[in-house]
Protein chains: 2
Amino acid sequence: MDRDRGSRDVTIKDVAKRAGVAISTVSRVLNGLDKVSPKTEKKVKEAVEELGYVQNGLAVSMVTGQTRTIMMVVPDFTNDFNGAVIQGAEEYLKEQGYTMLIFSTKDFKEEDFENLYRRFSKLVDGVLVVPANPDDMDYGRWEKPLVLIDCYRPGQDYYTVEIDNAKGGYLLARELLLNGHTHIGLVGGIPGASLGGQRIAGFERAMKEYGVPIDKRLMMRGLHFEDTGYRGMKKLWDLPDRLRPTGVIAVNNLTCIGCMEALSERGAVIGQDISLVGFDDHLLARYSVPGITVIVRPTIEMGREGAKLLVQQLRKEEIGQKRVVMEIELKRRNSVKRLLV
Amino acid sequence: MDRDRGSRDVTIKDVAKRAGVAISTVSRVLNGLDKVSPKTEKKVKEAVEELGYVQNGLAVSMVTGQTRTIMMVVPDFTNDFNGAVIQGAEEYLKEQGYTMLIFSTKDFKEEDFENLYRRFSKLVDGVLVVPANPDDMDYGRWEKPLVLIDCYRPGQDYYTVEIDNAKGGYLLARELLLNGHTHIGLVGGIPGASLGGQRIAGFERAMKEYGVPIDKRLMMRGLHFEDTGYRGMKKLWDLPDRLRPTGVIAVNNLTCIGCMEALSERGAVIGQDISLVGFDDHLLARYSVPGITVIVRPTIEMGREGAKLLVQQLRKEEIGQKRVVMEIELKRRNSVKRLLV
DNA sequence: TTGTACGCGTTATCAA
DNA sequence: TTGATAACGCGTACAA
């Protein structure tokens, strides 16, 4: 059989022979566990150095049952929110001596998730998930430590890292309201879905609080992709004058981008012809002219916190709270017009 | 010792016992290698099903010497080019039954790369790298199959996936020249560095071809980060009228974004007060108003091709060419003003 | 066609 | 303080 190893690797055996000790002694030196005499320790370390020995992680994992690897699952890598979360998680894991096996669930069917976990559960110590459809999955049967990022499922008690989505929706709506907007449109958010649902709930609360009725005709529901924003905004813009909203809330980053695309096509100037607010501080929100007023989430930190929560579980450390709620912030730019009242 | 396994996993032994055969028979059925009688095959498959047996990848790798895992290394995850490359690579690898161990090299020191490889080389079959500093690293000592993405090093013969960077620089410069620009500025690109160097070489060729002299004072060299674009563009914009360039080439996506930020701060309108062209079809280039004329690279496909090149090596398949050069395309938008000549 | 037994590289137990 | 050795779960010569 072709073992594909090239020149045979240096093993602990070679080190033992070279140092003139038993392999168990080498192991002890390497792991710094038991008492070892300074003399033999020195001999072993020299042998390791001379031979260029590196532990074989596979063999270690075989016997310890721990792989020091975690599995991270994200919807896809081209969404900048996911990218930031991965960045934060990977940095923390690296610091802690963990490695990341990564998968995207783009085009996943229902059962694929289950298969993925089954197939790799022995290769990883824990799982970090940014769910694509937070409401569809049941993570109950997973035996490994699990942390969900950007996903809260009421009534269940997973370890999660979230933001207060309702507060976000509320802040955005209030920002429009305080600037005199009363015809407010909404793009994205599926009825009954948790994530968009919370944001919408916050929006509704603000509207109620300020005594402004919600016009159902301005609610452009749909999946959280660019297309929903693009088509929704076009419909809103093309409404007759007295119906057309003066301000629009995009429920997430992609729908916001879709809105901007639609408005650009229509030749509408944001912050002038129409006001737009959204979630996440993506490139377009930050650098387009005018900048977009958005809810800023600490994306990289969300990844870090998720990884931290996972590692704490792996180490069986005391964990303060299973749900970590991160702070958000309203970043005001020039996409909201101040209407005369 | 705490083996951390929860209830003991089902092993091949359990399957063998349940099916009333030897473990080697189970193995044969699982791997579909030798002849096995239909009867025993059925028995084994039933046992697998009933017990919910899943192969332990660790043990398999131990004995086969292959992990079916590759190591991917990128500068960071928040750059959309890297995200797209990862997306393409991961999709292809998943299709081919491979898994991806991922690392970012942000804040890496020189020797970290070497350590990373040494530490994990036994856990992976091959390596896929998007280099941060293409010129600094020497990948010569790596024993595993290796593919470099977006990096060509003259005189060496790695497996690489690239574009014709010189052509890209040429096309951008020509676009400005054909629109009547003769005062052309450049942002990014370090003298002697390969990647930016090639793009600049293409720019220089175009300038020469069209008989337009290069004004050294308009060359804002620097690392390929936003900051270089931001500061470079400010300097260019603040130049006295007769010196200020009418058109600027950003050497990559981040410097382009930095340029846009600077111009926005200065209140300059792109495509009107100044023209801007760059590389990569990022969010801002695509959806800001006006859109930016850019060289579009097939980013996801570059990831796919890189992964393909790697898997072909792993399978010891015949490989047509070690350097895969992907097609690029000039995407015209409204960031270039047509000057009267 | 099927079963036995060894080896992959390491840790951990126990005896020396 | 050290050494010998049984696991860990699997693939595969080789024997039956």
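Predicted, not measured: the structure shown is a model, and the values here were computed from it.

Conventions and cut-offs
- Residues numbered from 1 in each chain as written.
- Chains lettered and ligands numbered in written order.
- Predicted model: local features only at pLDDT ≥ 70, side-chain atom pairs only at ≥ 80, totals over all residues.
- Heavy atoms only, no water.
- Near = heavy atom within 4 Å.
- Polar contact = N/O pair within 3.5 Å; in protein donor to acceptor, adjacent residues only side chain to side chain.
- Helix = DSSP H or I, 4+ residues; strand = E, 2+ residues; numbered from the N terminus.
- Nonpolar A, V, L, I, M, F, W, Y, C, P; charged D, E, K, R; others polar.
- Least-squares fit on C-alpha atoms with pLDDT ≥ 70 in both.
- Core = buried A, V, L, I, M, F, W, Y, C linked by side-chain atoms within 4.5 Å.
- Buried < 20%, exposed > 50% of the residue type's maximum accessible area, 1.4 Å probe, protein only.
- Contact = heavy atoms within 4.5 Å.
- Salt bridge = Lys/Arg side-chain N within 4 Å of Asp/Glu carboxyl O.
- Phe/Tyr/Trp six-rings, centres within 6.5 Å; stacked < 30°, edge-to-face > 60°.
- Axes fitted to C-alpha atoms, helices over the stretch in contact; angles between N-to-C directions.
- Parallel < 35°, antiparallel > 145°, perpendicular 65-115°, else oblique.
- Left-handed = near helix turned anticlockwise from the far one by under 90°.
- UniProt positions renumbered as here; feature names shortened; annotations may be inferred.
- Pairing = 2+ DSSP bridges.

Here the focus is the protein's contact with DNA strand C. Taken together, 29 residues lie around DNA strand C, and Ile12, Ser27 and Tyr53 of chain A together with Thr25 and Thr40 of chain B are the ones closest in. Of what DNA strand C places within 4 Å of the protein, 72% of the atoms are sugar or phosphate. Residue Tyr53 of chain A places a side-chain N or O atom 2.4 Å away from a phosphate oxygen belonging to DNA strand C. Measuring from a phosphate oxygen of DNA strand C, one finds a side-chain N or O atom of Thr25 of chain B at 2.7 Å. In terms of residue count, helix α4 (residues 57-64) of chain A provides more of the surface near DNA strand C than any other element does, five residues in total. Grouping the amino acids of the surface near DNA strand C by side-chain chemistry returns 14 nonpolar, 11 polar and four charged.

The next subject is the relation of the copies chain A and chain B. The operation relating the pair of chain copies consists of a rotation about an axis and a translation along that axis. Once chain A is rotated about the relating axis by 180° and shifted along it by 0.0 Å, it coincides with chain B to within an RMSD of 0.1 Å. Such a combination of rotation and displacement between the chain copies is what one expects of a two-fold axis. For chain A, the smallest separation between a C-alpha atom and the rotation axis is recorded for Leu101 of chain A, amounting to 2.2 Å.

Around DNA strand D there are 26 residues in total, and Thr25 and Lys35 of chain A together with Ile12, Tyr53 and Gln55 of chain B lie nearest to it. What you see for DNA strand D is that sugar and phosphate hold 71% of its atoms within 4 Å of the protein. Contact between DNA strand D and Asn31 of chain B: a phosphate oxygen at 3.4 Å from a side-chain N or O atom of the residue. Taking Asn56 of chain B, its main chain carries an N or O atom lying 3.3 Å from a phosphate oxygen of DNA strand D. Those elements that place two or more of their residues in the surface near DNA strand D are α2 (23-31) and α4 of chain A together with α2 (23-31) and α4 (57-64) of chain B. Element by element, the count of residues in the surface near DNA strand D is highest for α4 of chain B, at four residues. Residue classes in the surface near DNA strand D are distributed as 13 nonpolar, 10 polar and three charged.

Judged by nonpolar contacts, the single largest core of 159 residues is most densely connected at Met72 of chain A together with Met72 of chain B. Residues within four places of Met72 of chain B in sequence aside, it is in contact with Val85, Ile86, Ala89, Met100, Leu101, Ile102, Phe103, Leu128 and Val130 of chain B.

Attention now goes to the environment of Ile149 of chain A. Residues and elements named next belong to chain A. Checked against the element boundaries, Ile149 lands in strand β4 (residues 146-149). The buried category is assigned to Ile149, whose relative accessible area is 0%. Considering only alpha carbons, one finds Ile149 and Arg217, 68 residues apart in sequence, at a separation of 33 Å. The residues contacting Ile149, other than those within four sequence positions of it, are Val85, Leu128, Val129, Val130, Pro131, Val161, Met302, Gly303 and Gly306.

Working definition: two side chains of opposite charge can pair if their charged atoms are close together. Under the criterion given, the structure shown has 40 salt bridges over all chains. Note that Glu41 of chain A and Lys45 of chain A form a salt bridge whose closest N and O atoms lie 3.1 Å from each other. Remark: Lys45 of chain A and Glu41 of chain A occur in helix α3 (residues 38-51); sequence separation between them is four residues, near one turn of the helix. With relative accessibility at 46%, the residue Lys45 of chain A sits in the partly exposed group. Linking Glu265 of chain B and Lys234 of chain B is a salt bridge whose minimum nitrogen-to-oxygen distance equals 2.7 Å. Residue Glu265 of chain B is located in helix α10 (residues 253-266), and its partner Lys234 of chain B is located in helix α9 (residues 226-237); the two are separated by 31 residues in the primary sequence.

The next subject is the side chain of Asn252 of chain A. Position of Asn252 of chain A among the secondary structure elements: in the loop between β8 (247-250) and α10 (253-266). Contacts of Asn252 of chain A, omitting those with residues within four sequence positions, involve Arg199, His224 and Phe279 of chain A.

Bringing the packing of aromatic side chains into the picture now. Residue and element names in this part refer to chain A. One pass over the structure, following the stated rule, counts two aromatic pairs over all chains. With 4.9 Å between their ring centres and 45° between their planes, Phe103 and Phe120 make a pair best called tilted. Taken together, the residues Phe103 in strand β2 (residues 99-104) and Phe120 in helix α6 (residues 110-120) connect sequence positions 17 residues apart. One exposure class covers both Phe103 and Phe120, and it is buried.

So, about the packing of helix α5 (residues 80-95) of chain A against helix α12 (residues 299-314) of chain A. All names here are of chain A. It is the contact of α5 with α12, at a shortest axis distance of 6 Å, that shows an interaxial angle of 45°. Of the possible angle classes, the one that applies to α5 and α12 is oblique. Crossing of α5 against α12: the hand is right-handed. For the pair α5 and α12, the contacting residues are Phe81, Ala84, Val85, Gln87, Gly88, Ala89, Glu91, Tyr92, Leu93 and Glu95 in the first and Thr299, Ile300, Met302, Gly303, Arg304, Ala307, Lys308 and Val311 in the second. Each residue belonging to the contact of α5 with α12 can be placed in one class, and the counts come to 10 nonpolar, four polar and four charged.

Quick look at the UniProt feature "domain: HTH lacI-type" (unreviewed entry) in chain A now. Listed under "domain: HTH lacI-type" (unreviewed entry) in the UniProt record, and renumbered for this structure, are residues 10-64 of chain A. Helix and strand shares over residues 10-64 of chain A are 71% and 0% respectively, and the end C-alpha atoms of the span are 21 Å apart.

Below, the discussion takes up the pairing of strand β6 (residues 184-187) of chain B. Residues and elements named next belong to chain B. The alternating pattern of β6 places Ile184 and Leu186 on one face and Gly185 and Val187 on the opposite face, and all of these are buried. In this structure, β6 lies alongside strand β8 (residues 247-250), joined through four bridges in parallel fashion. By the bridge assignment, Ile184 is partnered in β8 with Gly247. The pairing of β6 with strand β7 (residues 219-220) spans two bridges and is classified as parallel. Its bridge partner being in β7, Leu186 is matched across the sheet by Met219.

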